[in-house]
Amino acid sequence: MTWNDHFLELFNRCVKRYKNGDKDFTGYYDDEDMALLVSIGYRTREFFDFVEDFCDEGEPSISTALLVAGVRRDYFNVVMEGAVRKPTVDRENIPSFGEEFEEIHYLPRILAKARGKLKGELDPDIMYGCGGDRKFLRENGNIPMADFLRRVWAAGDDDKEVVKWIKSL
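Think of each chain on its own: its residues are numbered from 1, step by step along the sequence as written. Given that the model is predicted, a residue must reach a pLDDT of at least 70 before its local features are reported, and side-chain atom pairs must reach 80 or more before they are shown or counted; all residues, however, enter totals for whole chains, interfaces and linings. Values shown for side chains rest on all heavy atoms present in the structure; no hydrogens or waters enter the calculation.

Novice: Kindly report on the nonpolar core, identifying the contributing residues and their values.
Specialist: We call a set of buried Ala, Val, Leu, Ile, Met, Phe, Trp, Tyr and Cys residues a nonpolar core when their side-chain atoms join them within 4.5 Å. Burial classification: accessible surface area is computed with a 1.4 Å probe over protein chains only, and a residue below 20% of its type maximum counts as buried, one above 50% as exposed, and the rest as partly exposed. Phe 47, Tyr 128 and Phe 148 are the most contacted members of the largest nonpolar core, which totals 54 residues. Numbered from the N terminus, helices here are DSSP runs of H or I no shorter than four residues, and strands are runs of E no shorter than two. Only helix 1 (3–19), helix 2 (31–39), helix 3 (44–57), helix 4 (62–78), helix 5 (107–119), helix 6 (131–139), helix 7 (145–155) and helix 8 (159–168) provide two or more residues apiece to this core. Per-element tally for this core: the top contributor is helix 4, with seven residues. Here, two residues are considered to be in contact whenever any of their heavy atoms come within 4.5 Å of each other. When near neighbours in sequence (up to four residues on either side) are disregarded, Phe 47 contacts Phe 7, Leu 10, Phe 11, Cys 14, Tyr 29, Leu 37 and Tyr 42.

Right under this line is the structure:
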């Protein structure tokens, strides 16, 4: 089975468990599932956050979750060469909800989250793709989550490059 087919099968299986009242994600994954998550640079809670939001809020969609995972997987395998990093982006050091850059509200926060997602450095309590992120992306050109990740990857540390792209939409 390809990684993406396994991802979709796992996602659907987790959705079923969640909807049946099992919200303890720590029991969702068998050894093959764990191997998949490791191979794409994901943690169990990171995967679960997408399942939980999909079940509770109807978004992000399963296809969006897969596309975001694909970007993370590519970054993990190409740039990081499969090296796992510890979470360093947490509630103590992430930009606040109210911060702005180049007059774009929330941009510093979502940039930090996107970079943390790419590098696998997000604390389990921080989600790239949460409701606030989805609102920002909708209000700034209806940007797909995976496309934003790719643009942040391409821009490196150049926040102004991301701003230029957002303002062009």
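Novice: Please give an account of helix 3 that cites residues and values.
Specialist: Helical geometry: 3.6 residues make up each α-helical turn, so side chains three or four residues apart lie on a common side. The length a helix should cover is 1.5 Å for every residue beyond the first. Under the 1.5 Å per step criterion, the end-to-end length of helix 3 is 20 Å for 14 residues, consistent within 8% with the ideal 20 Å. Turning to helix 3, its buried residues are Glu 46, Phe 47, Phe 48, Asp 49, Phe 50, Val 51, Asp 53 and Cys 55. Within two residues after helix 3, Gly 58 carries a phi angle of roughly 80°, on the positive side.

Novice: Describe the pattern of salt bridges, and please don't skip the residues or the numbers.
Specialist: Whenever Lys or Arg places a side-chain nitrogen within 4 Å of a carboxyl oxygen from Asp or Glu, that contact is recorded as a salt bridge. The tally for this structure, following the rule as stated, stands at 18 salt bridges. Note that Glu 102 is salt-bridged to Lys 160, the shortest N-O span being 3.8 Å. Note that Glu 102 is positioned in the loop between strand 1 (100–101) and strand 2 (104–105) and Lys 160 in helix 8, a separation of 58 residues in sequence. A cluster of three or more residues bridged by salt bridges with shared partners is formed by Asp 53, Glu 57, Glu 59, Arg 134 and Arg 138.

Novice: Can you break down the side chain of Arg 134 residue by residue, with the values?
Specialist: Structurally, the position occupied by Arg 134 is in helix 6. When its relative accessible area of 5% is taken as the criterion, Arg 134 is described as buried. Polar contacts, as used here, are pairs of N or O atoms within 3.5 Å; protein pairs need one atom able to donate a hydrogen and one able to accept it. Residues neighboring in sequence count only if both atoms are side-chain atoms. A distance of 2.3 Å separates polar atoms of two side chains, one belonging to Arg 134 and the other to Glu 57.

Novice: I'd like a rundown of helix 8, residues and numbers included.
Specialist: All buried positions along helix 8 are accounted for by Val 162, Val 163, Trp 165 and Ile 166. Along the long axis of helix 8, the arc covered by the buried residues comes to 165°, so they all point the same way. Exposed positions of helix 8 whose direction lies more than 90 degrees from the buried face are Lys 160, Lys 164, Lys 167 and Ser 168. Buried residues along helix 8 sit in contact with strand 1, strand 2, helix 5, helix 6 and helix 7. Here the arc refers to the directions that run from the helix axis out to each C-beta atom.

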